[in-house]
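Chains, contacts and geometry: an overview
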Amino acid sequence: MTTSHQPAALLERVDVVLDGHPALVGVDLAVPAGRLTVLTGPNGAGKSTLLEVIAGTRPVTAGRVRRDVDRVAFVPQRAATSDRLPVTVREVVTVGAWGEAGLWRPVGRDRRRRVAEALDLLGLGPLARRPFGELSGGERQRTLLAQGLARGADLLLLDEPTTGLDAATSERIRDAVVAQVARGITVVGVSHDPAVVALADHRVELSEGRLVDAPTPPARQGAPADDPSTGSTDAGRHNVGRPAEISRTG
Ligand SMILES: Nc1ncnc2c1ncn2[C@@H]1O[C@H](COP(=O)(O)OP(=O)(O)OP(=O)(O)O)[C@@H](O)[C@H]1O
């Protein structure tokens, strides 16, 4: 686990309005680096929207988002995945390693190692040559997570990674998540699964687009409890250090 106390992502007074609907309202959140943050809350609370904001794939209507990460991997819900891809499991996982290599450049030794590790961690070795479209739902979910791991990201985002999976598959996915956090990778997951929530270092509960319960993550040593630069003691409550100290690399 990393010793860094600088947040991997910092959200300040974030609003997201979707077709006139307030999906997120005044969200202040620091995502601690090298930890597992789990977003919880009822259906429609704004969890997926918040995950997309942290990923940088969802523009905010108001507020600020800062990330201090080099590479982000976003593993979507199963339902978002096409089942007609004419590719093997290994090829799907290898896509995760394309990132900095680009589509037409050969995958080098380091990236091949990441693909092999990801296949191994998710128990996909025996399925590596199988067409993705022939897999069961749980096998696809493991494959998509392996693709995310192969990315070599320092911020891994998971939308309901264990929903609908059997106990053994869920446990394997939880073990893979724990292994990533142990390596210092920041993981943020949306989950209704109590077994995943129980693993969280940082639990964030949402209701109707607002944070209900977001305990302040570990503060940077010497940082003030409230940051006057935010202009709000409430907003400062979830800040770790001053925003100006966070480099935006992701
Ligand atoms: N394109 C859209 N237009 C209008 N409202 C939207 C749109 N997309 C999402 N919403 C609404 O925004 C709110 C937050 O949606 P979001 O998907 O983030 O919730 P969630 O907590 O992830 O829900 P679930 O647990 O059901 O997946 C919901 O009320 C949803 O109906």
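Above this text sits the structure in question.
These numbers were taken from a predicted model, which means no experiment stands behind them.

Scoring rules and cut-offs
- Residues numbered from 1 in each chain as written.
- Predicted model: local features only at pLDDT ≥ 70, side-chain atom pairs only at ≥ 80, totals over all residues.
- Heavy atoms only, no water.
- Helix = DSSP H or I, 4+ residues; strand = E, 2+ residues; numbered from the N terminus.
- Buried < 20%, exposed > 50% of the residue type's maximum accessible area, 1.4 Å probe, protein only.
- Contact = heavy atoms within 4.5 Å.
- Near = heavy atom within 4 Å.
- Polar contact = N/O pair within 3.5 Å; in protein donor to acceptor, adjacent residues only side chain to side chain.
- Areas by Shrake-Rupley, 256 points an atom, 1.4 Å probe, with all protein chains shown as cover.
- Pairing = 2+ DSSP bridges.

1. Things to note about the environment of V177
- With respect to the helices and strands, the residue V177 is situated in helix 5 (residues 167-182).
- The exposure class of V177 is buried, given its relative accessible area of 8%.
- Sequence-distant contacts of V177, that is, excluding residues within four places in its chain, are made with L36, L158 and V187.

2. Section: unusual backbone geometry
- Its identity as a non-glycine residue notwithstanding, E160 has a phi of 50°, on the positive side.
- Structurally, E160 can be placed in the loop between strand 6 (155-159) and helix 5.
- We note that E208 has phi near 50°; this positive angle belongs to a residue other than glycine.
- Secondary-structure assignment places E208 in the loop between strand 8 (202-207) and strand 9 (210-213).
- What makes E208 exposed here is its relative accessible area of 67%.

3. Examining the site of the ligand
- What surrounds the ligand is a group of 14 residues, the closest being G44, G46, K47, S48 and T49.
- Within the backbone of G46, an N or O atom sits 2.9 Å from an oxygen atom of the ligand.
- Side-chain polar atom of T49 to an oxygen atom of the ligand: 2.6 Å apart, as the coordinates give it.
- Summarising the interface, the protein chains cover 65% of the accessible area of the ligand, which totals 640 Å² for the free molecule.

4. Notes on the pairing of strand 1 (residues 7-18)
- Judged from the eight bridges that link them, strand 1 and strand 2 (residues 21-32) form a sheet pairing that is antiparallel. Note on strand 2: the bridge partner recorded for P7 is P32.
- The loop that links strand 1 with its antiparallel partner strand 2 comprises two residues; one of these, D19, has a positive phi angle of about 50°.
- As paired strands, strand 1 and strand 4 (residues 62-67) are joined by five bridges and run antiparallel to one another. Of the residues in strand 4, the one forming a bridge with E12 is R64.

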